[in-house]
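# Topology and contacts: notes
Now for the letters of each chain:
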Amino acid sequence: MNWFITLVYLMACFGISTILIDSIGPWHIFEKIHNWMSKHTPTLDELFSCYICLPTWEGILFSSLNLIFLPTIGLTPFNIVLQNIAPWWIIIPLDAAFTSGSIWLIHTVQSALEKFAYE
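Residues numbered from 1 in each chain as written. Predicted model: local features only at pLDDT ≥ 70, side-chain atom pairs only at ≥ 80, totals over all residues. Heavy atoms only, no water.

Take helix 6 (residues 88–118) next. End to end, helix 6 covers 45 Å across 31 residues, agreeing with the expected 45 Å (1.5 Å per residue, within 8%). Buried within helix 6 we find I91, I92, D95, A96, T99, S100, S102, I103 and H107. Residues of helix 6 that are buried sit in contact with helix 1 (2–22), helix 4 (53–69) and helix 5 (77–81). (Helix = DSSP H or I, 4+ residues; strand = E, 2+ residues; numbered from the N terminus. Expected span 1.5 Å × (residues − 1). Buried < 20%, exposed > 50% of the residue type's maximum accessible area, 1.4 Å probe, protein only. Contact = heavy atoms within 4.5 Å.)

This is the structure in C-alpha cells:
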C-alpha cells in the first residue's frame, strides 16, 4: 500500500508542477501570471519555470502539511518510511529532494518520449 501512496503522491506533484509551469490555464490565467512575474519578480518566474525548483517547494509544503495535520498518517514518501524514526528536520528535506528528483525524472522521460514520438 505504501508504494501506491507514493505513486499517487508523485503523480499529484507532477500534475501540479505541469499545470503551474506549462499550462496556460482557463482564460489564459497562468499565462498572465507568468507574464506578470517575468516583469515584476524574475526570481518567482524562474521558480515557476523549473521542473527542479518548483517540486522542491511542493515537497517541503506537502511534507510540512502532512507532519502538522496528519502526523500519524504518512502521505509523503519519507513521512511513510521515517514516520516514527526521524525528526521533522530530516523528513522535510528528504521529501523535498525526493519530490524534486522524481518529478524532474518523470518530466525528462516524458520529454524524451515526446521527442521520440515526433521524429
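This brings us to the packing of helix 1 against helix 4. Between helix 1 and helix 4, the shortest axis-to-axis distance is 10 Å and the interhelical angle comes to 130°. One finds that helix 1 runs oblique with respect to helix 4. Of the two possible hands of crossing, helix 1 and helix 4 adopt the one that is right-handed. Contacts from Y9, C13, I16, S17, L20 and I21 in helix 1 reach L54, P55, E58, G59 and F62 in helix 4. Residue composition of the contact of helix 1 with helix 4, by class: 8 nonpolar, 2 polar and 1 charged. (Axes fitted to C-alpha atoms, helices over the stretch in contact; angles between N-to-C directions. Parallel < 35°, antiparallel > 145°, perpendicular 65-115°, else oblique. Left-handed = near helix turned anticlockwise from the far one by under 90°. Nonpolar A, V, L, I, M, F, W, Y, C, P; charged D, E, K, R; others polar.)

The next subject is helix 1. In this model, helix 1 (21 residues) spans 29 Å end to end at C-alpha, consistent with the 30 Å of a helix rising 1.5 Å per residue. Turning to helix 1, its buried residues are T6, Y9, L10, C13, F14, S17 and I21. For helix 1, the arc enclosing every buried residue in end-on projection is 130°, short of the 170-degree limit, so these residues lie on one face. On the buried face of helix 1, the contacting elements are helix 2 (29–40), helix 4, helix 5 and helix 6. (Arc of directions from axis to C-beta.)

This paragraph deals with unusual backbone geometry. Look at W27: it is not a glycine, yet its phi comes out positive at around 55°. Secondary-structure assignment places W27 in the loop between helix 1 and helix 2. When its relative accessible area of 74% is taken as the criterion, W27 is described as exposed.

Relative to each other, helix 1 and helix 6 sit at 70°, their axes nearing to 10 Å. The pairing of helix 1 with helix 6 is recorded here as roughly perpendicular in orientation. The hand of the helix 1/helix 6 crossing is right-handed. In this structure, helix 1 contributes T6, Y9, L10, M11, C13, F14 and S17 to the contact, and helix 6 contributes D95, F98, T99, S102, I103, I106, H107 and Q110. For the contact of helix 1 with helix 6, a count of residues per class yields 8 nonpolar, 6 polar and 1 charged.

This part takes up the side chain of H34. Structurally, H34 can be placed in helix 2. Every residue in contact with H34, bar those within four places of it in the chain, is listed here: L20, I21, D45, F48 and S49.

Under the counting rule described, the total for this entry stands at 4 aromatic pairs. Between the aromatic rings of W3 and F4, the centroid separation amounts to 6.0 Å while the plane-to-plane angle is 80°, which identifies the pairing as edge-to-face. Ring centres of Y9 and F62 lie 6.4 Å apart, and the angle between their planes is 80°; on these two criteria the pair is classed as edge-to-face. Residue Y9 is found in helix 1, and its partner F62 is found in helix 4; the two are separated by 53 residues along the sequence. On the basis of relative accessibility, which here comes to 7%, the residue Y9 falls in the buried class. By relative accessible area, F62 is classed as partly exposed at 25%. (Phe/Tyr/Trp six-rings, centres within 6.5 Å; stacked < 30°, edge-to-face > 60°.)

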